[in-house]
Amino acid sequence: MMHDMSPAPANQLPLIGRAGELARLCELLGVKDPDPGRTAVLLAGDAGVGKTRLLKEVRGSALDAGWRVLVGHCLDFGDGALPYLPFSEAFGRLAAESPALAASLVEAHPAVARLMPGRRMLSDADRPATERMDRSDLFDAVHAALGELARTAPVLVLLEDVHWADQSTRELLSFLFTRGLPESVALVASYRADDLHRRHPLRAAAAEWSRLRGVSRIQLTPLDDADIRELVRTLHPGPLREIDVRRIVQRAEGNAFFTEELVAASELGGATLPTDLADLLLLRLDQLDDATRLAVRAASVAGRRVSHDVLSRVVGVDGASLERVLRSAVDNNVLIAVGAEGYAFRHALLAEAVYDDLLPGERVRLHSAYAAAIASRQVEGTAAELARHARLAHDLPTATTASIQAGDEAMAVAGPDEAARHYELALEMLSDDAGVAGVGAVDLVELAVKAAEAAAAAGHPYRATALVQERLDHLPADAPKLDRARLLHALATAALVTEATVDALAVTTEALKLVKHDPPSALGAHILNVHAKAHANRFHDDDAMRWAEKAVETARQLDLPEVAADASTTLARLRERAGDPEESRAAFERSAAEARAAGEVAVELRSLFNLASHHFEQGHLDQALAIYQSAAARARDTGRPWAPYGVDARAVSGTVAYVSGNWDEADRITDVTGEAPPAMGEALLASVRLAVDAGRGRDERISLLPQLRAWWDRDGMIAINTSSAAIDLHGDRGDLAAAIDVHDDVVELLAQLWQLSGFQARIRISALLLAHLAAAAPRASAEERAQLVQRGEQLLAGTRLVVDHGKLRGRKRGPEGKAWVARVRAEHARLRWLAGIDAPPEQELVAAWETDLARFTEFGHVFETARSQTRLAAVLRAVGDAGRAAELTAAARTTAQRLRARPLLAEQLSSGGGAPAQRTAGSDRPETLTAREQEVLTLIAQGRSNREIGLQLFISAKTVSVHVSNILAKLGAGSRTEAVALARRRGIHSD
């Protein structure tokens, strides 16, 4: 899913994914124990896995607990390492921070002075040998000095990067661990586990230390994907698509440092490794001999993994010799053995770094060797691997043939995304004369159609349209008519599931002229089917019915069950429009079963989607949700989760869950965490999720609106979902102008996109904006109220346009449509009543909201029913029916609390529907004002009249008058102005 992320400075990043290790470390060290014992911990983990960050957190915890912390680092000086460097740094910092304490230590234990940085300069070499002391004296002095420090406060020693420690430091650590740390002293030594090759001196030492009493070892494993995902969201300064998050998670493989580098690179738009990270990874190759480096470079060309047989052929050495060459790579943790016959890079990014470091000629030569090995069929390899190696070796004929085969294989195993890439690469290479020259006969029209079908199935319908259009544009003038007809059919098929500007009806009309119907043909049947859909899309229902029936007839005659099922679905949809819901339901069910029997997933998904939509429109929410989810599951199981009608079914199932009041389920359905959705599919699901965000008052989600707005002209449902939520998000935070802008923007865009001013969703969008106009009326000036009412009249007129348009088409409105029409009328009446302009009689206002409540209750929209209850209760409270108002408010509050709908709860409070105010114990003084009286007094202070106060608080002017009298009596005031002054003086009221 799309994530809203804010930047976090590196030094303020929270500790992510290490709570367990932190707790374990603190427990072993006794950081939170008032009487700590003697404990040492070896903290191991790969470079960048988070050892330093964890130790920083431990250090903070220790300091908070009153400990003294000494920190030292080992550095990579090679053979010139300074003995005892981390201890020298630790005691040096102590001397800088507490010179008196350091001086007392040196006085008590003179040998410690030898570790002080000031005594380790070049000038110190001139000291006479008599001043140099035995190593055992130094070790004893360090041990005693730590014990001396611990007398006043527990001591924690943190030594980092011990894999670079010199021999003297390792021996001092061995002494401390063997002898045992002084009481109230704890020590942590961290090191890189991946640097401990078989001959590394720390390897044996660490194994020996971990067997000693009082020494524990903690191995930091890579972070879980969920933790890396959280780290990415914390690091990234803005919204990031889920597919990009997922790619970083996959490449980082649980390594926090790699994650930080990849996130930084993504901000710059780079897909390759950051230079600093690549350089760090390539340092490992410097540890290898020349022969091993050559083998590792060859292995990187294969990717993350390579088999022993293939690598042997590529590097040109036999198996036994290769084993000897690769032993060094394994010992140095560059490669690891995988199974019985292969190798893998220890980290995927290491493979990337090595590959990127190859010279161009070296890269081409190695790819050519891999292609030859796979093409020989003497080693195992796939068409996809052959295609990749041949293409990068510039062997276009081999690469083209293999790419087409790889695309076919991917489609056969439900991998449309991979298939689309292979087909497109083949089309690209076939555009090169050199590539075409060496390839056998390839049907470019068929290849373009297959590429378009794969792209659409992968969730890229606009890409599908573009692929076919490009082939059409390059079709020779003398090409066979049927070739053009095939492309026109594919173009219309792709365009009908998008908001593309392609005139599908004109395209299918031309295609029909190119196909002879005597005798009938399979291509002709397919074109008839799409031609019927194109007519239906233009609401030419009679023509659509005629062509769909002809398509069914032809399909039956030629035994094309997939065409018959698809055309039958079109007929069912047309009959539903004509007012025959039962027959259409049965037809949808038959079409879905027929398509499934024929193995036509795309047709089955369309039938299931329409069947679920039928139940949704009839208000059968449980049935609709079950079928939508079944369609989404079917799409997922067949490898087409983002295909048309598959992703749509998932999105609308989220909408049904939202309508049904199961908002947590709606969040779950639309959550794409860990998936790789295409951009448009992710935006569609995010737009559905936005309804829950708006209902719960997550106004920070407003930052996502520009991203989603970019998709409005490509998917009308994204526009409708986003604008509906945005109107509430802006309106609930009091930004009425922004809400109005969103309404006007979406109405104008969709009217142009669909060439239809009277689209059905306009009613809902108008109703939502009317509600915010009404909410603003009590606080507005007289001039502003007139403008609000005028805008309300325009919204009402737009709704009438939609209703009249539906009547002209003979469309029968379902429960949802009736509910939103009722809401528009009720909100329009409320707006006029609150503005005091052409205000409806109280009975008419109550009746409008009673109708609205009945309609939403009938439809089953849980949240909108609660909104209806809240607003009807406010009206009833104002006209004096407090009893029924209280009942409705209680029911609405229960719903709002369950849904965690903060804006609705706030509306209930502001309209007088909050819980009864409770007096503070002992505050029974006569001047104590109730919560409602406080609200009235606030508005009095603003200079409001009784009528204006009543409008804003949804109470009658008569009720306001009673409250004012009570306020004056309690405060002993003779006027409204005096009441305000007295309340301020006594601290009862402050505005």
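Note that the structure is a prediction, hence the values are computed from the model and not measured.

Student: In this structure, what is going on with the overall build of the protein? I would like to understand it.
Tutor: Along the protein, the regular secondary structure elements total 47 helices and eight strands. Projected onto its principal axes, the C-alpha coordinates of the protein cover approximately 110 × 100 × 40 Å. Residues classed as buried in the protein amount to 52% of the 991 residues present. By sequence separation, contacts in the protein at least 24 residues apart represent 69% of the contacts at least 6 residues apart. For the protein, the exposed surface amounts to about 43,800 Å²; the carbon and sulfur share of it is 50%. For the protein, the centre of its 115 positive side-chain charges and the centre of its 135 negative side-chain charges are spaced 4 Å apart.

Student: Mind showing me how you'd approach the pattern of salt bridges here?
Tutor: Note that side chains of opposite charge can pair when their charged atoms are close. One pass over the structure, following the stated rule, counts 57 salt bridges. As a salt-bridge pair, E352 and R251 come within 2.6 Å of each other at their nearest N and O atoms. You can see E352 sitting in helix α15 (residues 348-356) and its partner R251 sitting in helix α9 (residues 242-252), a full 101 residues away along the chain. Of the residues examined, R251 reaches a relative accessible area of 9% and is grouped as buried.

Student: I would appreciate a short explanation of unusual backbone geometry in the present structure.
Tutor: Most peptide bonds take the trans configuration, and most residues that are not glycine carry a negative phi. We note that D161 has phi near 60°; this positive angle belongs to a residue other than glycine. With respect to the helices and strands, the residue D161 is situated in the loop between β3 (155-160) and α6 (167-179). Its relative accessible area of 17% is what places D161 among the buried residues. The backbone of D838 sits at a positive phi, close to 50°, despite the residue not being glycine.

Student: I'm lost on the packing of helix α21 (residues 444-457) against helix α23 (residues 481-495) in this one. Help?
Tutor: Packed helices, taken two at a time, are described by the angle their axes make and the gap between the axes. Close contact between α21 and α23 brings their axes to 10 Å; oriented N to C, the two are set at 5°. By the angle between their axes, α21 is roughly parallel relative to α23. Residue-level contacts link V445, E446, A448 and V449 of α21 to D483, R486, L487 and A490 of α23. Across the contact of α21 with α23, the residue classes tally to five nonpolar, no polar and three charged.

Student: So what exactly am I meant to see when it comes to the pairing of β3 here?
Tutor: Residues in a regular strand project their side chains so that they alternate between the two faces of the sheet. Counting buried residues along β3, six of its six residues qualify, which places the element largely inside the surrounding structure. Where burial is concerned, the two faces of β3 agree: the one with V155, V157 and L159 and the one with L156, L158 and E160 are both buried. Direction of pairing for strand β2 (residues 68-73) relative to β3: parallel, over a ladder of six bridges. The residue of β3 that forms the bridge with R68 is V155. Across five bridges, the pairing between β3 and strand β4 (residues 185-192) is parallel. Paired with L156 across the two strands is A186, which belongs to β4. Taken together, β3, α6 and β4 form a β-α-β motif whose crossover is right-handed.

Student: Would you explain the sheet that holds strand β8 (residues 342-345) in this entry?
Tutor: In a beta sheet, neighbouring strands are held together by backbone hydrogen bonds and run either parallel or antiparallel to one another. On the basis of which strands lie adjacent, the open sheet formed by three strands has the order β6-β8-β7 and antiparallel pairing. In this open sheet, the two strands that pair with only one neighbour each are β6 (305-307) and β7 (335-338). Adjacent strand axes in the sheet meet at a mean angle of 30° when their direction is disregarded. Sheet topology note: the β6/β8 ladder contains three bridges and is antiparallel. The residue bridging V306 from the neighbouring strand is Y343, located in β8.

Student: Quick question: what am I supposed to make of α6 here?
Tutor: For an α-helix the count is 3.6 residues per turn, leaving residues at separations of three or four pointing the same way. An ideal rise of 1.5 Å per residue puts 18 Å on 13 residues; α6 measures up with 18 Å between its terminal C-alpha atoms. Regarding α6, the residues found buried are S168, T169, R170, L172, L173, L176 and F177. The N-terminus of α6 is capped by D166, whose side-chain oxygen sits 2.9 Å from the backbone nitrogen of S168. Count one or two residues on from α6 and you reach G180, which has phi positive near 100°.

Student: Looking at this model, I keep getting lost on the sheet that holds β4. Mind explaining?
Tutor: Within the open sheet, the five strands sit side by side as β2-β3-β4-β1-β5. Their pairing is parallel. Looking at which strands have only one partner, the edges of the open sheet turn out to be β2 and β5 (215-220). Each strand of the sheet is rotated relative to its neighbour by a mean of 15°, with strand direction disregarded. Pairing analysis gives seven bridges linking strand β1 (residues 39-45) to β4, with the strands arranged parallel. Paired with T39 across the two strands is A186, which belongs to β4.

Student: So what exactly am I meant to see when it comes to helix α35 (residues 716-732) here?
Tutor: Helix length check: α35, at 17 residues, gives a terminal C-alpha distance of 24 Å against a target of 24 Å (1.5 Å per residue), a fit within 8%. Just past α35, the residue G734 takes up positive phi, approximately 85°.

Student: Help me out: how do you make sense of the packing of α35 against helix α36 (residues 736-754) in this one?
Tutor: Contact pair α35 / α36: the axes reach a minimum separation of 8 Å and the direction vectors enclose 165°. One way to sum up the angle between α35 and α36 is to call them roughly antiparallel. As α35 packs across α36, the resulting crossing turns out to be left-handed. In contact with G716, A719, I720, S723, A726, I727, H730 and G731 of α35, α36 contributes A738, A739, V742, H743, V746, L750 and W754. Here the contact of α35 with α36 is built from residues that sort into ten nonpolar, five polar and no charged.

Student: Got a minute to help me understand the confidence of the model for the protein in this structure?
Tutor: Interpretation of this model should avoid reading the predicted coordinates in detail wherever pLDDT is low. Per-residue pLDDT for the protein has a mean of 87; in total, 91% of the residues score no lower than 70. Throughout residues 915-926 the model reports pLDDT below 50, and contacts reaching past four residues in sequence, or to other chains, amount to eight contacts.

Student: I would appreciate a short explanation of the nonpolar core in the present structure.
Tutor: Counting 78 residues, the largest nonpolar core has L769, L773, L788 and L831 as the members making the most contacts within it. In terms of nonpolar packing, the next biggest core, distinct from the first, is built from 50 residues, I16, V249, F258 and L285 among them.

Student: Mind showing me how you'd approach the packing of aromatic side chains here?
Tutor: In this description, a pair of aromatic rings is defined by centroid distance and the angle of the planes. One pass over the structure, following the stated rule, counts eleven aromatic pairs. Between F139 and F175, the aromatic rings sit 5.4 Å apart at their centres with planes inclined by 45°, giving tilted as the arrangement. Taken together, the residues F139 in helix α5 (residues 135-149) and F175 in helix α6 connect sequence positions 36 residues apart. Members of the aromatic cluster, joined through ring pairs, are Y84, F139 and F175. Between the NZ or CZ atom of R714 and the centre of the ring of Y462, over which it lies, the distance is 4.1 Å.

Cut-offs applied
Residue positions are given per chain, counting from 1 as you read along its sequence in written order. For a predicted model such as this one, the threshold for reporting local features is a pLDDT of at least 70, and the threshold for listing and counting side-chain atom pairs is 80 or more; totals across whole chains, interfaces and linings nevertheless cover every residue. The side-chain quantities take in all heavy atoms of the structure and omit both hydrogens and water. The helix count covers DSSP runs of H or I at least four residues long, the strand count covers runs of E at least two residues long, and both are numbered beginning at the N terminus. For every residue, the accessible area obtained with a 1.4 Å probe (protein chains only) is divided by the maximum for its type, and the residue is called buried under 20%, exposed over 50%, and partly exposed between those limits. Contacts: residue pairs with any heavy atoms within 4.5 Å of one another. Working definition of accessibility: Shrake-Rupley area with a 1.4 Å probe, residue cover restricted to the visible protein chains. Neither His nor the chain ends is counted toward charge; the positive residues are Lys and Arg and the negative residues Asp and Glu. Lys charges are placed at NZ, Arg charges at CZ, Asp charges at CG and Glu charges at CD. When a carboxyl oxygen of Asp or Glu is within 4 Å of a side-chain nitrogen of Lys or Arg, the pair counts as a salt bridge. Geometry is summarised by axes, namely lines fitted to C-alpha atoms with helices restricted to the contacting stretch, and by angles between N-to-C directions that run from 0 to 180 degrees. Working rule for angles: under 35 degrees goes down as roughly parallel, over 145 as roughly antiparallel, 65 to 115 as roughly perpendicular, anything else as oblique. The nonpolar class holds Ala, Val, Leu, Ile, Met, Phe, Trp, Tyr, Cys and Pro. Asp, Glu, Lys and Arg form the charged class, and all remaining residues, Gly among them, are polar. By definition, two strands form a pair when at least two bridges between them are found by DSSP. When the strands point away from the viewer, a crossover counts as right-handed if the path from the first strand over the helix to the second runs clockwise. To estimate how far a helix should extend, the number of its residues minus one is multiplied by 1.5 Å. Polar contact criterion, stated in full: a pair of N or O atoms within 3.5 Å, where within protein one must be able to donate a hydrogen and the other to accept it, and residues adjacent in sequence count only if both atoms are side-chain atoms. Should the near helix be turned anticlockwise from the far one by less than a right angle, the crossing is left-handed, and should it be turned clockwise, the crossing is right-handed. Confidence of the predictor in every single residue is expressed as pLDDT, which spans 0 to 100. In this description, a nonpolar core means a group of buried Ala, Val, Leu, Ile, Met, Phe, Trp, Tyr and Cys residues linked to one another through side-chain atoms lying within 4.5 Å. Each Phe, Tyr or Trp ring (for Trp, its six-membered ring) is paired with any other whose centre lies within 6.5 Å, and the angle between the two planes then decides the class: stacked below 30 degrees, edge-to-face above 60, tilted in between. Over a ring means this: the NZ of a Lys or the CZ of an Arg is within 6 Å of the ring centre and within 35 degrees of the ring normal.

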